[in-house]
Amino acid sequence: MDQESVPPFRPAQSDVHGAAFRWDGVTHMPYKQEGSAPFKDISRQVLFHEHDLNCELRYFEMDAAGYSTLERHEHAHAVMVLRGQGHCLVGDEVREVKQFDLVSIPSMAWHQFRATKGEPLGFLCMVNVLRDRPQLPTEAELVTLRTNPVIAGFLDDVPASS
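Treat the numbers as computed from the prediction; the structure is a model and nothing was measured. (Residues numbered from 1 in each chain as written. Predicted model: local features only at pLDDT ≥ 70, side-chain atom pairs only at ≥ 80, totals over all residues. Heavy atoms only, no water.)

## Observations concerning the overall build of the protein
Then, in step 1: A count of helices and strands for the protein gives two helices and eleven strands.
Then, in step 2: Taken from N to C terminus, the helices and strands of the protein fall in the order β-β-β-β-β-β-β-β-β-β-β-α-α.
Then, in step 3: In the protein, which comprises 162 residues, the share counted as buried stands at 40%.
Then, in step 4: Once local pairs closer than 6 in sequence are excluded, the contacts in the protein between residues at least 24 apart make up 64%.
Then, in step 5: Working note: accessible area of the protein is about 9,300 Å², and carbon and sulfur atoms make up 54% of it. (Helix = DSSP H or I, 4+ residues; strand = E, 2+ residues; numbered from the N terminus. Buried < 20%, exposed > 50% of the residue type's maximum accessible area, 1.4 Å probe, protein only. Contact = heavy atoms within 4.5 Å. Areas by Shrake-Rupley, 256 points an atom, 1.4 Å probe, with all protein chains shown as cover.)

This is how it looks when you write it as structure tokens:
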């Protein structure tokens, strides 16, 4: 949708349980192109793409046991968990995350979200409108990441409790 044609109000849609985590006039899309990078059962919605504010606000949601791509960028991210629980890797730390937690992802930090608690995990993510492409880890970088047993467990889908 062209930014000029975005209406000032776009109501949230509801399902029988209340919030459906969908909004009128917002396209529900696949997370990335199939096969572009490893990920599982995740979708995205661009809620705002504001050149005047130089930011984009997106909503990502993964099904139970879903996960985002392990990647890093030159740009930073600001994340707020809106739905569910799971685990998140930022740099060399893995933490449990839950509804309303805030996560700051600095420039060039490896990061990944995983729905590890048997329920969907949804979060808002704010980034610059103009940003670099994600960088995936090389085999050598993966070996280095896996020297940390907590990160290795996270990547193997058995994160330690925090």
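## Remarks on the nonpolar core
Then, in step 1: Formed by 19 residues in total, the largest nonpolar core has its most connected members in Met62, Val79, Val103, Ile105, Phe113, Leu121 and Phe123.
Then, in step 2: Not counting residues up to four positions away in its chain, the partners in contact with Val79 are Asp101, Leu102, Val103, Ile105, Phe113, Phe123, Leu124 and Cys125.
Then, in step 3: Listed in part, the eight residues of the second largest apolar core include Leu70, Val94, Leu145 and Phe154. (Core = buried A, V, L, I, M, F, W, Y, C linked by side-chain atoms within 4.5 Å.)

## Notes on the side chain of His77
Then, in step 1: By the element assignment, His77 lies in strand E6 (residues 77-83).
Then, in step 2: Looking at His77, the relative accessible area reads 9%, which means it is buried.
Then, in step 3: Sequence-distant contacts of His77, defined by excluding residues within four places in its chain, comprise Arg58, Val103, Ser104, Ile105, His111, Cys125, Met126 and Val127.

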